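Residue-level structural notes
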Amino acid sequence: MSIDAKDAKNPKDTKRGIKPASSKIFSPLLALFAILLFNIFLNPGFLSITIVNGHLYGQLIDILNRAVPVMILATGMTLVIATAGTDLSCGALLALSGALAVSLIRGDSTVLNADTAMPFAAVILISLVVTSLCGLWNGFLVAKLGIQPIVATLIFMTAGRGIAQLITGARNLTTSYEPFSVIGQGWFLGLPVPLFIAAGVFLAVWYFARRTAFGLFVEAVGVNASAARYSGINSSLVIMVVYTISGFCAGVAGLIYASNIMCADATNAGLNYELDAILAVVLGGTSMMGGRFYLGGTVIGALIIMALTKSIYAFDVAPESALVVKAFVVVFVVMIQSPLYRSLRESLRSRKRKPGSVRESVG
Amino acid sequence: MKRKCAVLLVFVSVLVLVLGCAAFAADKKIVVGFAQIGAESDWRVANTNSIKQACADAGFDLRFVDGQQKQENQIKALRDFITQGVDVIGFSPVVESGWDEVIEEINDAGIPLIISDRTTDIEGDDYYATWMGSNFIEEGEKAGKWLVEHLKSKGRDKDEINIVELQGTVGSGPAIDRKKGFENILKDHPNLKITQSQTGDFTRDLGKTVMESFLKKGDKIDVLYAHNDDMALGAIQAIKEAGLKPGQDIIIIGVDAVKGAFEAMVAGEMNCTVECSPLLGPQFVEAVKAILDGKTLPKITYTIEDVFPQEVAKDVIASRQY
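Note that this is a predicted model, so its numbers are computed, not measured. (Residues numbered from 1 in each chain as written. Chains lettered and ligands numbered in written order. Predicted model: local features only at pLDDT ≥ 70, side-chain atom pairs only at ≥ 80, totals over all residues. Heavy atoms only, no water.)

1. Description of the overall build of chain B
A tally of helices and strands in chain B yields 11 helices and 12 strands. At 25 Å, chain B has a C-alpha radius of gyration far larger than the 20 Å of a compact globule built from 322 residues. When its C-alpha atoms are laid out on the principal axes, chain B stretches across 95 × 40 × 30 Å. Here chain B, with 322 residues, has 51% of them falling under the buried criterion. Considering only intrachain contacts with a sequence separation of at least 6, the fraction spanning at least 24 residues in chain B is 73%. When the accessible surface of chain B is summed, it comes to about 14,800 Å², and 54% of that surface belongs to carbon and sulfur atoms. (Helix = DSSP H or I, 4+ residues; strand = E, 2+ residues; numbered from the N terminus. Rg over C-alpha atoms; globule rule 2.2 N^0.38 Å. Buried < 20%, exposed > 50% of the residue type's maximum accessible area, 1.4 Å probe, protein only. Contact = heavy atoms within 4.5 Å. Areas by Shrake-Rupley, 256 points an atom, 1.4 Å probe, with all protein chains shown as cover.)

Below is the structure:
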């Protein structure tokens, strides 16, 4: 594909001698720009932004806006993956949070309601606390009982959605309570509210992970949990905290998802989102083996996924072949990040330059 | 004395039992077994309620078993029906394959079988009395016909009309047939064109996301045809966000006739929904009666389904059950 041919020839990322962390973010960023460029050439209207009803309106805004649920899930997922874990339950917890919120707002009313049955702040709080507790449970299973993360989180992947369906009675619960719609559909300073929420979650996690020692603990646990424990890190506490954060993130994403369609769709909400979130983390340069993690890369990863989806719609690719196109692009983006490809590229480059030039470290 | 009492007690209870049976036999209640798939959706729940209600109204003795989406539960239920010697068996198979043995047992027992909603992969049509369910192609055709009529009534039947389509889950029966049926009608009207068509997976969220993209393409959109109401309801929000008036600037047609669609129509934001009715209880009862009267039924009985335009929404909304 032309996107990746371009990328392969682009020598920028190592020549300038960028720091390892930012060089890691370079390939996903390049992939994202390649997708956008591809769209600009073939569909000039793609990047146009106009103002409708006093807010910004355009494909780019849509991409940012619709990427938010996966972006938030992936932010939590990044920490989990950094401890060499996986959280398969986050898609189901997303559905659970939405189901809780809408059913609490509705109370026992059987018709479409414009009012809330419970103080709105309590609705939000309960939804977030419940999903955080589910996350804590995941962490407990992994850290204290030593269950493998995939198996431990598989429990809530199935049960979470089941509980959500139980809460909604397996039907699409709708509401027309105005304040709730602000979370997923509101506008602030001409931009969608979900973007500000995503930025808030990202900054909080980033601060916690990068401005305190916590990030270091997470990486230490991810590289070698026993070694970390011997060096005085409370590994199981670290693991429980990251799964709780992931559960909290799922709760926030669930509120945005449900508010966006003003409906708790327990069966379909967040279906397979855990896989998209894992993909976003991996596209962002974090290894599934644990250790170093790149929160910024994760955000770019989530944007790549949504930009790709929106391009497929914009080009009107037949639905039957859409998934194949998506898979091809993903394969290429993952390939340009593979260690083999990187070392190949660098050996080519060093051959071009003076022999014996210092090989730059990769992440 | 004690023994005498016991003998008397046994005698009395046997008498009661015999009399009870005699009374029951005199009543000659028709016994119907129904093996339902489960309760996986609103649609299915409404389907169950309709069958239960209709059988109760007809005075049938209904033995209803919820299979909880598991084939083994359904097979067990069917075997129980054979042992109980029910008069007629109704059955919605959860999957297509693996029914050969149990259906052979039903046939050997000489119990008439009514299959509803879904199908099995057994060849031939001798093993069941009738199949009843929705005709998805016709639902698509009804949507197309309503659109043609609607445009005529607005004097737009000669205009170039751009239609965008939100398809159901790729490869699913309803998605394929609803598309085919709709296109059957468009064939005779070259001025009606489907300009964009994408899958929205039958969900609200994707209905909104995909419609958002349709709108940004810049082409004029006159009509939205969604393969189910949920996608249409999601799309309505995208249309509003684009600063357009759903139901006026863009004509919106959905399928299913769920309650949400009626709410949208009452609000003037949707124009029409084609019914995909789960309420086949009354038809089921009719079929059971006909079979027991010795009549031969057509092999396929389609559910009676309606089209609900915006104008009637207000009157009908209160009576919608799903």
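There's more to say after this.
2. Some thoughts on the environment of His189 of chain B
All names here are of chain B. With respect to the element layout, His189 can be found in the loop between α6 (173–186) and β7 (192–199). Residue class for His189 comes out partly exposed when judged on its relative accessible area of 26%. Along the primary structure His189 and Ile122 are separated by 67 residues, whereas in three dimensions their C-alpha atoms are 39 Å apart.

3. Some remarks on the layout of surface pockets
Estimates place the volume of the second largest pocket at around 650 Å³. Taken together, 21 residues line the second largest pocket, and the ones lying closest to its centre are Ser176 and Met262 of chain A together with Gln237, Lys240 and Glu269 of chain B. Counting residues per element, the ones that place at least two in the lining of the second largest pocket are α8 (178–185) of chain A together with α8 (229–241) and α9 (259–266) of chain B. Broken down by element, the residue count for the lining of the second largest pocket peaks at 5 residues, all from α8 of chain B. Residues of the lining of the second largest pocket, tallied by class, amount to 8 nonpolar, 7 polar and 6 charged. (1 Å grid on protein atoms, 1.4 Å probe; cavity = no way out; pocket = protein on both sides within 12 Å on 5 of 7 lines; lining within 4 Å. Points joined across faces, edges and corners; volume = space filled by probe spheres on them. Nonpolar A, V, L, I, M, F, W, Y, C, P; charged D, E, K, R; others polar.)

4. A word on the environment of Ser213 of chain B
Among the structural elements, Ser213 of chain B can be located in helix α7 (residues 204–216). As a C-alpha pair, Ser213 of chain B and Lys145 of chain B span 68 residues in sequence and 27 Å in three-dimensional space.

5. So, the sheet that holds strand β6 (residues 161–167) of chain B
Hydrogen bonds between backbone atoms are what pair the strands of a sheet, whose relative direction is either parallel or antiparallel. Residue and element names in this part refer to chain B. One open sheet holds the 6 strands; their spatial order is β7-β6-β8-β9-β10-β12, and the pairing between them is mixed. Of all the strands in the sheet, just β7 and β12 (307–309) have a single pairing partner and so form its edges. Adjacent strand axes in the sheet meet at a mean angle of 20 degrees when their direction is disregarded. The pairing of β6 with β7 spans 7 bridges and is parallel. Paired with Leu166 across the strands is Gln198, a residue of β7. (Pairing = 2+ DSSP bridges. Axes fitted to C-alpha atoms, helices over the stretch in contact; angles between N-to-C directions.)

6. Some details on unusual backbone geometry
The backbone of Asp316 of chain A shows a phi angle near 55 degrees, a positive value even though the residue is not glycine. Here Asp316 of chain A is to be found in the loop between α14 (295–314) and α15 (319–335). Exposure remark for Asp316 of chain A: the relative accessible area of 24% places this residue in the partly exposed category. Here Asp201 of chain B, not a glycine, exhibits a phi torsion of approximately 55 degrees, which is positive. Accessibility expressed as a relative area gives 36% for Asp201 of chain B, which makes it partly exposed.

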